[in-house]
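The chain contents come next:
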Amino acid sequence: MIREECGVIGVSFSRESSLDVSYQLYYGLYALQHRGQESAGMAVFDKGRVNLYKNMGLIFEVFNKKLGKLDGSAGIGHVRYSTIGESNIENSQPFLINHKGKAFAIVHNGNLVNYRKLRSNAERRGEVFTSTSDSEVMLHLIIGEVRDEREITPAISAVMEKMKGSYSAILLVEDCIIAFRDPLGIKPLCIGRIDGGYIVASESVAIDTLDGEFIRDVMPGEVIILKDGKIIREERLIELENTAHCMFEYVYFARPDSVIDGRSVYDVRRRIGEILAEKSNIDADFVSPTPDSGATFAIGYAKRSGLPYIESLIKNRYVGRTFIMPEQNERELAVRLKLNPIKTNIDGKRIVLVDDSVVRGTTSKRIVRMLKKSGAKEVHLCVGCPPLISPCYFGVDFTTKDELVASKKSVEEILKIIGADSLHYISVEDLIEAIGKKREDICLACLTGEYRIKVSEI
Ligand code: SF4
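Predicted, not measured: the structure shown is a model, and the values here were computed from it.

Student: Help me understand the sheet that holds strand β4 (residues 74–81), please; the structure alone is not making it clear to me.
Tutor: As a general point, the strands of a sheet are linked pairwise by backbone hydrogen bonds and lie either parallel or antiparallel. Across the sheet, 7 strands lie side by side as β3-β2-β4-β1-β10-β9-β11; this open sheet has antiparallel pairing. In this open sheet, the two edge strands, each paired with only one partner strand, are β3 (49–56) and β11 (213–217). The sheet shows a mean angle of 15 degrees between the axes of neighbouring strands, taken without regard to direction. As paired elements, strand β2 (residues 39–46) and β4 share 7 bridges and run antiparallel to each other.

Shown next, in the form of structure tokens:
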């Protein structure tokens, strides 16, 4: 089954604009590269047809020498990562289907939990799929509704009623960009103004990179249509009492310089670090981050505790993030490739090590071992995410309880496995305070086991 975390982008320019849409998509995708490193693609509308190019690899590998061939005034782009066995070109995005002379392309971040049911219903109707992706099923559903002579907005509305799960999706239908977000707003999506048009993207950093102006988040259950560099429709199709914004975007996935659903990711992480310092109260020589994702938490910790912020590990910036490497053995190798200790800073010192999260525990164990081997007298691990005890069905790469160390082990047992001198997690209540939203508006399912979409539907 497909489980993915991705980055999506869509750009619409006025016909008069001299800017090249493929270059804007390229630079915007570069800003979203952290959301997926296995494949990338874009679909661009030009002179009555949609040109598609996608391949396995990083943005610069995929689009090297291809950009000039993807001219146009509207386009969508995607970066993707997947879990074991599903990292292949067939599942890379955008998906493109030509129907009655019209091209429909889609990019999607999220996971449809009723994907199997939707797909088997479609197969019974005789529809044929070229991938195992839920995004392709979504595209078939939309085309199925349009086929019944509906306008695109009612078609999206009808499809929203059928789909369960998370989706921040962008559709390209000829020169129209149609962005929509699931009614719980699980995955992020925002809109901004750029020179000569508009951009929709997973994170505000893509808008910043294009020197654009952030306008707002796409609301849960909303559809926004762009054409010829203008917003031609904004409509909330489904409005629920509460949202379920993914807490893991704030803790791990999003870039710290993004603003998601009204909250700066940097501010949330710094506040988490402050709370960790208040609650853990550790006697140590300095605070050090697990680079790079622990850095903002450690800055908050240092500020509140008064301990100096000193680096003890240096990251090789040319190695991808370990958590999003698809195979376990690749992940372990990646830790060694990625981090190297600064022995002169570490030797004889008592260190507060701050990390964003402990998922499987393997990375934390290796880092603690690395620090101790370099002479650390004590290593106290502070974690910015409460214990992960339940799988995520909405697009983050821990889909079974078994792979989550905290689902089977107590904090004391995890401490033993990791080999640190003490282990401190932020609590769920303190995380909610740091995010600064109502508990009912945040997805905490992987921390509490309480799913906002019934588990029986999953
Ligand atoms: S289960 Fe956890 S990772 Fe998945 S969407 Fe909810 S908060 Fe995010």
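Past the structure itself, the notes keep going.
Student: Please clarify how the packing of helix α8 (residues 265–280) against helix α9 (residues 295–305) should be interpreted in this entry.
Tutor: A pair of packed helices is captured by two measures, namely the crossing angle of their axes and the spacing between those axes. Relative to each other, α8 and α9 sit at 45 degrees, their axes nearing to 6 Å. On the basis of their axis angle, the class for α8 and α9 is oblique. In terms of crossing hand, the pair formed by α8 and α9 is right-handed. Contact with α8, carried on its side by Y266, R269, R270, R271, I272, G273, E274, L276, A277, E278 and S280, involves T296, F297, I299, G300, Y301, K303, R304 and S305 of α9 and no other residues of that element.

Student: Help me understand the site of the ligand in this model?
Tutor: If you check the shell around the ligand, you find I186, C246, M247, F248, C392, F394, V396, F398, C443, A445 and C446 and nothing else. For the shell around the ligand, the secondary structure elements donating two or more residues are α7 (247–253) and α16 (445–448). Of the residues in the shell around the ligand, the class split is 11 nonpolar, no polar and no charged.

Student: Quick question: what am I supposed to make of the nonpolar core here?
Tutor: Burial of nonpolar side chains together is a common tendency in soluble globular proteins. Membership of the largest hydrophobic core comes to 54 residues, with the highest contact counts inside it found for M247, F248, Y301 and L388. Those elements giving two or more residues to this core turn out to be α7, α8, α9, β20 (350–355), α15 (428–435), β23 (442–443) and α16. Formed jointly, this core draws a minimum of three residues from each of two domains, domain 1 (5–240) and domain 2 (268–457). Grouped together as the second largest cluster of nonpolar side chains are 33 residues, V146, V159, Y167 and F180 included.

Student: Would you mind going over α15 with me for this structure?
Tutor: Count 3.6 residues to each turn of an α-helix, and residues three or four apart come out pointing the same way. The buried fraction of α15 is high, at 6 of 8 residues. Along α15, the residues classified as buried are V428, D430, L431, I432, A434 and I435. In the core, the buried residues of α15 are packed alongside α7, β16 (263–264), α8, β23 and α16. Just beyond α15, the residue with positive phi is G436, at close to 75 degrees.

Student: Mind showing me how you'd approach the domain arrangement of the protein here?
Tutor: Accessible area lost on assembly of the parts is the figure often given for the size of an interface. Its domain assignment divides the protein into domain 1 (5–240) and domain 2 (268–457). The C-alpha centroid of domain 2 is placed 32 Å from the C-alpha centroid of domain 1.

Student: What's the story with the sheet that holds strand β6 (residues 102–112) in this structure? I'm lost.
Tutor: The 6 strands lie next to each other as β5-β6-β7-β8-β12-β13, forming an open sheet whose pairing is antiparallel. Edge strands, defined here as strands with exactly one partner in the open sheet, are β5 (95–99) and β13 (230–236). Ignoring which end each strand starts from, the neighbouring axes of this sheet average 15 degrees apart. Inspection of the sheet shows strand β12 (residues 222–227) paired to β13 by 6 bridges, in the antiparallel sense. What sits directly across from I224, in β13, is E234. The sheet strands contacting helix α4 (residues 134–147) are β5, β6, β7 (165–173) and β8 (176–181), and the helix crosses β6 at an angle near 130 degrees. Here helix α5 (residues 152–162) sits on the sheet in contact with β7, β8, β12 and β13, set at roughly 30 degrees to β8.

About the criteria used
- Residues numbered from 1 in each chain as written.
- Predicted model: local features only at pLDDT ≥ 70, side-chain atom pairs only at ≥ 80, totals over all residues.
- Heavy atoms only, no water.
- Pairing = 2+ DSSP bridges.
- Helix = DSSP H or I, 4+ residues; strand = E, 2+ residues; numbered from the N terminus.
- Axes fitted to C-alpha atoms, helices over the stretch in contact; angles between N-to-C directions.
- Parallel < 35°, antiparallel > 145°, perpendicular 65-115°, else oblique.
- Left-handed = near helix turned anticlockwise from the far one by under 90°.
- Contact = heavy atoms within 4.5 Å.
- Near = heavy atom within 4 Å.
- Nonpolar A, V, L, I, M, F, W, Y, C, P; charged D, E, K, R; others polar.
- Core = buried A, V, L, I, M, F, W, Y, C linked by side-chain atoms within 4.5 Å.
- Buried < 20%, exposed > 50% of the residue type's maximum accessible area, 1.4 Å probe, protein only.
- Domains from an automatic or database assignment.

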